[in-house]
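Residue strings, one per chain:
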Amino acid sequence: MKEILIRSFSGLLYVLLLILCLNYEQLLLALFFVFGIVSLFEFKKLIQLKSFIPYIIFAVLYAIFAYWQTVLSTSIGLDEATQILVVISLFVNLFLIKDLFSEKIIPLFASKRFILTTFYLSSGFVFLILIANYFENYNPNILLGAFILIWVNDSFAYLVGKNFGKQKLFEKISPKKTVEGFLGGLFFSCVTSYFIATFTELLSFSSWLVLSIIISVFGTLGDLIESKFKRQAQVKDSGAIMPGHGGMLDRLDSIIFAAPFIYLFLRILQYVS
């Protein structure tokens, strides 16, 4: 009972802090910077990378995309830089998906460790900021909707899987995940997308529906990939900063991995609409 209370309080504090900061751009930038540094620290431990360079890369990358327009008073060059980052990040994530299914152990040679800290983790936080600025002016509602869909997917995947799950989704990596749980999380995310579309009126229901599918599928893959990293490192959690939940990376692995795919869909939507 005590563990459940601690877990509930820790999770509620995390959600309230995020929602509070979403209302203020500079607070959100500061929060995601702190979350990014903590997640990077945890991830470096998982992949056994002792170099300080990933922190510098993260800080530079984050500052460039967060403050480009503010410092330079222009968006010239930002769009091109963003497109390059999208392409590289997507390729890195797709290779991680390939490694998830085809490799017993994800290869972690020296250069790959730096590629992962840059284009898997650091760029994930950059895309969260870019999603919040999808309308060119700061509007966090799409980002909030994405987080809500992640939370709904995770919650119902757990509930449906616990009560009805029989067929394992990826037993070698995450024994508790089931196909029934994944489908339950996907279904309720799709249902939730209707209510988000109704109350926000930012995107059409069909757009939110596609986003719910993207978030459920790639969010689950992101969770499985982080689980594989943890299994290779022989640890249960990435850290212990959130009592009852584990590390910061444990809470953000799904949204970090899904972020470039979400942003790509929004860009495509922008061009075709």
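Scope of this entry: the structure provided in the associated data block.

Rules used throughout
- Residues numbered from 1 in each chain as written.
- Predicted model: local features only at pLDDT ≥ 70, side-chain atom pairs only at ≥ 80, totals over all residues.
- Heavy atoms only, no water.
- Core = buried A, V, L, I, M, F, W, Y, C linked by side-chain atoms within 4.5 Å.
- Buried < 20%, exposed > 50% of the residue type's maximum accessible area, 1.4 Å probe, protein only.
- Helix = DSSP H or I, 4+ residues; strand = E, 2+ residues; numbered from the N terminus.
- Contact = heavy atoms within 4.5 Å.
- Polar contact = N/O pair within 3.5 Å; in protein donor to acceptor, adjacent residues only side chain to side chain.
- Pairing = 2+ DSSP bridges.
- Expected span 1.5 Å × (residues − 1).
- Phe/Tyr/Trp six-rings, centres within 6.5 Å; stacked < 30°, edge-to-face > 60°.
- Salt bridge = Lys/Arg side-chain N within 4 Å of Asp/Glu carboxyl O.

A word on the nonpolar core. Formed by 79 residues in total, the largest nonpolar core has its most connected members in Phe 32, Phe 125, Phe 229 and Ile 262. Counting residues per element, this core draws most heavily on helix α9 (residues 248–272), which supplies 14 residues. Excluding anything up to four places from it in sequence, Phe 32 contacts Leu 18, Phe 58, Tyr 62, Phe 125, Leu 128, Ile 129, Leu 143 and Phe 147.

We now examine the side chain of Thr 118. Among the secondary structure elements, Thr 118 is positioned in helix α5 (residues 110–132). Under the relative-accessibility criterion, Thr 118 is labelled buried at 9%. Side-chain polar atoms of Thr 118 contact the backbone oxygen of Phe 114, separated by 2.9 Å. Contacts of Thr 118, omitting those with residues within four sequence positions, involve Ile 57, Leu 61 and Ser 123.

Quick look at the pairing of strand β2 (residues 174–178) now. Pairing of strand β1 (residues 168–170) with β2 involves two bridges; the strand directions are antiparallel. Among the inter-strand pairings, Phe 170 is bridged to a residue of β2, identified as Ser 174. Counting the residues between successive antiparallel strands, the hairpin from β1 to β2 contains three residues.

In this model, helix α6 (residues 141–164) (24 residues) spans 33 Å end to end at C-alpha, consistent with the 34 Å of a helix rising 1.5 Å per residue. For α6, every residue scored as buried is listed here: Ile 142, Leu 143, Gly 145, Ala 146, Phe 147, Leu 149, Ile 150, Val 152, Asn 153, Val 160 and Gly 161.

Turning our eyes to something else, we now look at the environment of Trp 208. Considering the arrangement of structural elements, one finds Trp 208 in helix α8 (residues 205–233). Leave out the neighbours within four places in its chain, and Trp 208 touches Asn 141, Ile 142, Gly 145, Ala 146, Leu 149, Ser 193, Ile 196, Ala 197, Thr 200 and Leu 203.

With that settled, the discussion passes to unusual backbone geometry. Notably, Gln 48 is not glycine yet its phi reads approximately 55 degrees, a positive angle. A positive phi is found at Gln 234, a non-glycine position, where the angle reads about 60 degrees. For Gln 234, the location among the structural elements is in the loop between α8 and α9.

Relative to the helices and strands, Thr 178 resides in strand β2. When its relative accessible area of 6% is taken as the criterion, Thr 178 is described as buried. Ignoring any residue separated from it by four or fewer positions in sequence, one finds Thr 178 in contact with Gly 161, Gly 165, Lys 166, Gln 167, Lys 168 and Leu 169.

On to the packing of aromatic side chains. One pass over the full model with this rule turns up 23 aromatic pairs. When the centroid spacing of 6.4 Å and the interplanar angle of 20 degrees are considered together, the rings of Phe 32 and Phe 147 count as stacked. Note that Phe 32 is positioned in helix α2 (residues 25–46) and Phe 147 in helix α6, a separation of 115 residues in sequence. Relative accessible area serves as the criterion here: at 0%, Phe 32 is assigned to the buried category.

With respect to the element layout, Ser 216 can be found in helix α8. A relative accessible area of 0% means that Ser 216 is categorised as buried. At 3.3 Å, the side chain of Ser 216 and the side chain of Ser 189 are in polar contact. Those residues within four positions of Ser 216 in sequence are excluded, and the remaining contacts are Asn 153, Phe 182, Gly 185, Leu 186 and Ser 189.

For the rest of this paragraph, the subject is the pattern of salt bridges. All told, the structure shown has six salt bridges when counted by the stated rule. Note that Asp 79 is salt-bridged to Arg 267, the shortest N-O span being 2.7 Å. Placement of the pair is Asp 79 in helix α4 (residues 78–102) and Arg 267 in helix α9, with a sequence separation of 188 residues. Overall, the relative accessible area of 31% leaves Asp 79 in the partly exposed class. Owing to a relative accessible area of 9%, Arg 267 belongs among the buried residues under this scheme.

Our focus in this paragraph is helix α7 (residues 179–200). Given a rise of 1.5 Å per residue, 22 residues ought to cover 32 Å, and the 31 Å separating the end C-alpha atoms of α7 matches this to within 8%. For α7, the complete set of buried residues consists of Gly 181, Phe 182, Gly 184, Gly 185, Leu 186, Ser 189, Cys 190, Thr 192, Ser 193, Ile 196 and Ala 197. Tucked inside the fold, the buried residues of α7 contact α6, β1, β2 and α8. Just downstream of α7, Glu 201 is the residue with a positive phi angle, here 60 degrees.

Purely geometric numbers; function is a separate question.
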